[in-house]
Amino acid sequence: MGTPLGPDARAVTDLQAIDDYVRTVARKKIKAWPKSLPLVEDYEKWRQQVSWWDLNVMVNDTMRTAKAKRDAINVAQGSTFDPSATVEEGAFLTSPPDTSGASKVATTVLVAGAGAVGGVWLFRKYLMGKVHLA
């Protein structure tokens, strides 16, 4: 999913790479592979219809569709990717490991805050049980 400021930058980069590939590589191969023309045109038409919603909310479906269309073009043009050169589905969305330690600090603060709130609640319950109003 994207951020309030826009789509996930990794998805935008991956989609741009597929756009560039279709435009600069696949289009040039159409003369040699004329049956691939409808697939290239289908990708281009689909890409023009990708909306804000598709890039920000439905980004996994959008990327899955883009990759499937690119792969279909490659098959029609007699070229496929080496399986060892591809990554698992959704890999572009996996966040890099957090080495800043910020998440550890945030977790510690949240746990301490929850403990303090729980402590106050228990203390209040304890006092309320001991104090009898006449």
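Quick notes on the rules
Residues numbered from 1 in each chain as written. Predicted model: local features only at pLDDT ≥ 70, side-chain atom pairs only at ≥ 80, totals over all residues. Heavy atoms only, no water. Helix = DSSP H or I, 4+ residues; strand = E, 2+ residues; numbered from the N terminus. Buried < 20%, exposed > 50% of the residue type's maximum accessible area, 1.4 Å probe, protein only. Contact = heavy atoms within 4.5 Å. Phe/Tyr/Trp six-rings, centres within 6.5 Å; stacked < 30°, edge-to-face > 60°. Axes fitted to C-alpha atoms, helices over the stretch in contact; angles between N-to-C directions. Parallel < 35°, antiparallel > 145°, perpendicular 65-115°, else oblique. Left-handed = near helix turned anticlockwise from the far one by under 90°. Nonpolar A, V, L, I, M, F, W, Y, C, P; charged D, E, K, R; others polar. Patch = residues over 30% accessible without salt bridge, like charges linked within 9 Å, V, L, I, M, F, W, Y side chains within 5 Å. Areas by Shrake-Rupley, 256 points an atom, 1.4 Å probe, with all protein chains shown as cover. Salt bridge = Lys/Arg side-chain N within 4 Å of Asp/Glu carboxyl O.

(A) How the structure looks around the overall build of the protein chain. Within the protein chain, the secondary structure is distributed over 5 helices and 0 strands. Helices and strands appear in the protein chain in the N-to-C order α-α-α-α-α. Per-residue burial for the protein chain yields a buried fraction of 20% across its 134 residues. For the protein chain, the share of sequence-separated contacts (at least 6 apart) that also reach a separation of at least 24 residues comes to 71%.

(B) Focus on the packing of aromatic side chains. Applying the stated criterion across every chain yields a total of 1 aromatic pair. A centroid spacing of 5.6 Å and a plane angle of 50 degrees characterise the contact between Tyr 43 and Trp 46, whose relative ring orientation is tilted. Linking Tyr 43 with Trp 46, this pair stays in helix α2 (residues 37–48), spanning 3 residues, or about one helical turn. Like Tyr 43, the residue Trp 46 is buried in the burial classification.

(C) Layout of the side chain of Lys 69. Mapped onto the secondary structure, Lys 69 falls in helix α4 (residues 59–76). Excluding residues that lie within four positions of it along the chain, Lys 69 makes contacts with Asp 42, Tyr 43 and Trp 46.

(D) Representation of the packing of helix α1 (residues 9–26) against α4 in the model. Orientation of α1 relative to α4, taken along the N-to-C sense of each, is 20 degrees, at an axis distance of 11 Å. Taken together, the axes of α1 and α4 are roughly parallel relative to one another. In terms of crossing hand, the pair formed by α1 and α4 is left-handed. When α1 is examined against α4, the residues Ala 11, Asp 14, Leu 15, Ile 18, Tyr 21, Val 22 and Ala 26 are found in contact with a partner set consisting of Val 59, Thr 62, Met 63, Ala 66, Lys 67, Arg 70, Ile 73 and Asn 74. A breakdown of the residues in the contact of α1 with α4 according to their chemical character gives 10 nonpolar, 2 polar and 3 charged.

(E) Structural detail: the environment of Arg 27. By the element assignment, Arg 27 lies in the loop between α1 and α2. Sequence separation of Arg 27 and Val 40 is 13 residues, and the distance between their C-alpha atoms is 7.0 Å. With residues up to four places along the chain from it excluded, the contact list for Arg 27 reads Val 22, Leu 37, Val 40, Glu 41 and Glu 44.

(F) Up close: a nonpolar patch on the surface. A contiguous nonpolar surface patch, about 380 Å² in accessible area, is contributed by Trp 52, Trp 53 and Met 58. Note that Trp 53 resides in helix α3 (residues 52–56). Judged by its relative accessible area of 49%, Trp 53 falls in the partly exposed class.

(G) Quick peek at the environment of Ala 68. Looking at the secondary structure, you find Ala 68 in helix α4. Taking the C-alpha atoms as reference points, Ala 68 and Tyr 43, 25 residues apart in sequence, are found 9.7 Å from one another.

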